[in-house]
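Here are the chains, one letter per residue:
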Amino acid sequence: MALASTVKVVLGSIAFAIFWVLAVFPAVPFLPIGRTAGSFLGALLMVVFRVLTPDQAYASIDLPILGLLFGTMVVSIYLERADMFKYLGMMLSWKSKGAKDLICRICLISAISSALFTNDTACVVLTEFVLKTARQHNLPPHPFLLALASSANIGSSATPIGNPQNLVIAVQSKISFGNFLIGILPAMLMGVFVNALILICMYWKLLSIQKDEEDVAVEVFSEEEMNSHRFSPATLSHNSQEWNSRLELMAVQSPPHLSGNMGHVEALRNRAISSETEIQKDPIVTLDSARNSNASKEAAKDVSTQVKEETIPSKRVASMDRLRDALSVRSSEGKEDFTTKWKKLLWKSCVYLVTIGMLIALLMGLNMSWTTITAALALVVLDFEDARPSLEKVSYSLLIFFCGMFITVDGFNRTGIPSTLWDLMEPYSRIDHVSGIAILAIVILVMSNLASNVPTVLLLGERVAESAVAFSTADERKAWLIIAWVSTVAGNLSLFGSAANLIVCEQARRAPQFGYTLSFWSHLKFGVPSTLIVTAIGLALIR
């Protein structure tokens, strides 16, 4: 495609540059309007500058991609309500065998959940679980946060619904869900394994640190304090020696900063001793008081016998009525609890079955967009409640961002600049040679970190595929899969390389009681070697 007129090239470049700046740096001081408004502004400028006509702008919006993205988000929302991600989080610490085992679990669970429910969703719901698990094992959180974010990016490359750029590739290339999965799955599995190995090697010393005695003492005290609330006062009085010995043991083991809690423990011990003292008084005094009490009771017995005989039947009837009412109330409450639990269990089962059915339909090659929308609407109907609270959780700003991005990128393509640059680079980027694949991967890697991965796919995808189809249809499919793999793994290069990285960073910083800030340099130190090694291994396995 030849270059357009000079005016259109200049104005189109200005509109695209504004979109790019706001997409990569959403909080720039001179125009801090964010990514969504930035993409919409770029789209508007393309029309105002007459790079695109209004009809061309509308036509450039890819509705199948938006439908697929919307359906995937709705299904993920209902899966979260059905505690799917809660169960995945519980698997992180179930029978864990140490820090290195935990790293491997996080990498595997993050990769699988990202492939099925998108990487952004997996990072949103799993970050706090990872922080809690690291805190529970007294481990530094940043290796585990890196494992979560990097494995989410790698895992999301395996399916068309794993991330936004794969959605674009699947729709434009018309590669079926099953063929996409088969083509990238070996690279994804090996990439997750190598990524976990790199993390373990880089943070071997940190992951080998054992708990110190002070932390163990704190945990012992917390467990004993929790168990103490289960005892009744009678149990305390009958087992005072064992109770005192436990309290003394905790007093010895507890560190200085728990002295305030030990004051409370001492008060409990004194209360238990005083209860025993009252029970163990002089037996003679106790016997005299009992005799006097019996004498007074016998004197009053004759006077009250007649009255009692009259009141007993009425009291018995009243007590039976109260007992019957109490039993009926308790029975109805038990039935309600039982019914509620079964309804919830049935609803969760329906959510999981609908999701499995959606995945089977995708593997069978049905239309991906309408399949996900159908699954989303089925979940809405099965919920049998007002869907507004769930639909409000959909990221409509992301859908608007995609609309603006489609228009902006299409306008930039019409200037002829991307085609001209590709014509210069095409002779060196042929996928029938190893050197050509390496150069193409480097270009995609750099552009994905400079212009973001979705715009990179929109700019390069069709051109790379057209170049590859000259060799064979299989090479065209391989070219699309290479773009999907490299543009996705490129997100691990730096903290700003993908939205998943930023989500993990922000969620970790805002987590209550477990807040942690993942720095740019700590991510870069791991991200550069991991991205280069994993990308190279994956390219060798994609067929």
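Residues numbered from 1 in each chain as written. Predicted model: local features only at pLDDT ≥ 70, side-chain atom pairs only at ≥ 80, totals over all residues. Heavy atoms only, no water.

Caption draft 1: Spotlight on the environment of F25. With respect to the helices and strands, F25 occurs in the loop between α1 (6–24) and α2 (34–48). Taking the C-alpha atoms as reference points, F25 and F496, 471 residues apart in sequence, are found 9.4 Å from one another. (Helix = DSSP H or I, 4+ residues; strand = E, 2+ residues; numbered from the N terminus.)

Caption draft 2: Looking closely at the packing of helix α6 (residues 99–117) against helix α10 (residues 177–202). Running from N to C, α6 and α10 cross one another at 150 degrees; their axes reach a closest spacing of 10 Å. Of the possible angle classes, the one that applies to α6 and α10 is roughly antiparallel. Of the two possible hands of crossing, α6 and α10 adopt the one that is right-handed. Facing α6, whose interface residues are K100, I103, C104, C107, L108 and A111, α10 presents M188, V192, N195, A196, L199 and I200. (Axes fitted to C-alpha atoms, helices over the stretch in contact; angles between N-to-C directions. Parallel < 35°, antiparallel > 145°, perpendicular 65-115°, else oblique. Left-handed = near helix turned anticlockwise from the far one by under 90°. Contact = heavy atoms within 4.5 Å.)

Caption draft 3: Geometry of empty space enclosed by the protein. Under the definition given, this model contains two cavities of 30 Å³ or more. Counted as a void, the second largest cavity has a volume near 30 Å³. Forming the walls of the second largest cavity are S429, R430, I431, V464, S467, A468 and F471. A per-class count over the lining of the second largest cavity returns four nonpolar, two polar and one charged. (1 Å grid on protein atoms, 1.4 Å probe; cavity = no way out; pocket = protein on both sides within 12 Å on 5 of 7 lines; lining within 4 Å. Points joined across faces, edges and corners; volume = space filled by probe spheres on them. Nonpolar A, V, L, I, M, F, W, Y, C, P; charged D, E, K, R; others polar.)

Caption draft 4: Inspection of helix α23 (residues 473–489) at higher detail. Between its terminal C-alpha atoms α23 stretches 25 Å, which fits the 24 Å expected from 17 residues at 1.5 Å a residue. Counting buried positions over the 17 residues of α23 gives 13, a clear majority of the element. (Expected span 1.5 Å × (residues − 1). Buried < 20%, exposed > 50% of the residue type's maximum accessible area, 1.4 Å probe, protein only.)

Caption draft 5: Local environment of the layout of surface pockets. As a volume, the second largest pocket reaches approximately 430 Å³. Where the lining of the second largest pocket is concerned, the elements lending two or more residues are α3 (54–60), α19 (396–414) and α22 (453–469). Residue composition of the lining of the second largest pocket, grouped by class: five nonpolar, five polar and six charged.

Caption draft 6: Seen up close, the confidence of the model for the protein. Looking at the protein, the pLDDT average stands at 78 and 75% of residues meet or exceed 70. Considering only residues more than four positions removed or in separate chains, one finds that residues 211–311, a stretch of pLDDT under 50, has 42 contacts. (pLDDT = per-residue confidence, 0-100.)

Caption draft 7: Examining the environment of L524 more closely. Turning to its location among the elements, L524 is positioned in helix α25 (residues 520–541). Among the residues examined, L524 registers a relative accessible area of 21% and is labelled partly exposed. For the pair L524 and L495, spaced 29 residues apart in the sequence, the C-alpha separation amounts to 6.9 Å. When neighbours within four sequence positions are excluded, L524 is seen to be in contact with L493, S494 and P529.

Caption draft 8: Spotlight on a nonpolar patch on the surface. A surface patch of nonpolar side chains, amounting to about 530 Å² of accessible area, comprises L353, I356, I360, M364 and L366. Classification of I360 as partly exposed rests on a relative accessible area of 45%. (Patch = residues over 30% accessible without salt bridge, like charges linked within 9 Å, V, L, I, M, F, W, Y side chains within 5 Å. Areas by Shrake-Rupley, 256 points an atom, 1.4 Å probe, with all protein chains shown as cover. Salt bridge = Lys/Arg side-chain N within 4 Å of Asp/Glu carboxyl O.)

Caption draft 9: View of α10. Taking 1.5 Å as the rise per residue, α10 with 26 residues should run 38 Å; its terminal C-alpha atoms sit 35 Å apart, in good agreement. If you look at α10, its biggest bend is around 45 degrees, right at I184, and the proline P186 turns up within four residues after that. (Bend = angle between axes of the 7 residues up to and from the residue.)

Caption draft 10: Quick peek at the packing of aromatic side chains. Summed over the entire model, instances satisfying the criterion amount to six aromatic pairs. Centroid distance F16 to F412: 4.1 Å. Interplanar angle 10 degrees. Geometry classified as stacked. On the criterion of sequence distance, the pair formed by F16 in helix α1 and F412 in helix α19 is long-range, its members being 396 residues apart. For the pair F16 and F412, a shared accessibility class is recorded, and that class is buried. A centroid spacing of 5.8 Å and a plane angle of 70 degrees characterise the contact between F402 and F406, whose relative ring orientation is edge-to-face. Residue F402 and its partner F406 are both found in helix α19; the two are separated by four residues, about one turn of the helix. Residue F402 shares its accessibility class with F406, and that shared class is buried. Chaining the aromatic ring pairs together yields one cluster made of F16, F19, F401, F402, F406 and F412. Lying over the aromatic face of W204, K100 brings its terminal NZ or CZ to 4.4 Å of the ring centre. (Phe/Tyr/Trp six-rings, centres within 6.5 Å; stacked < 30°, edge-to-face > 60°. Lys NZ or Arg CZ within 6 Å of the ring centre and 35° of its normal.)

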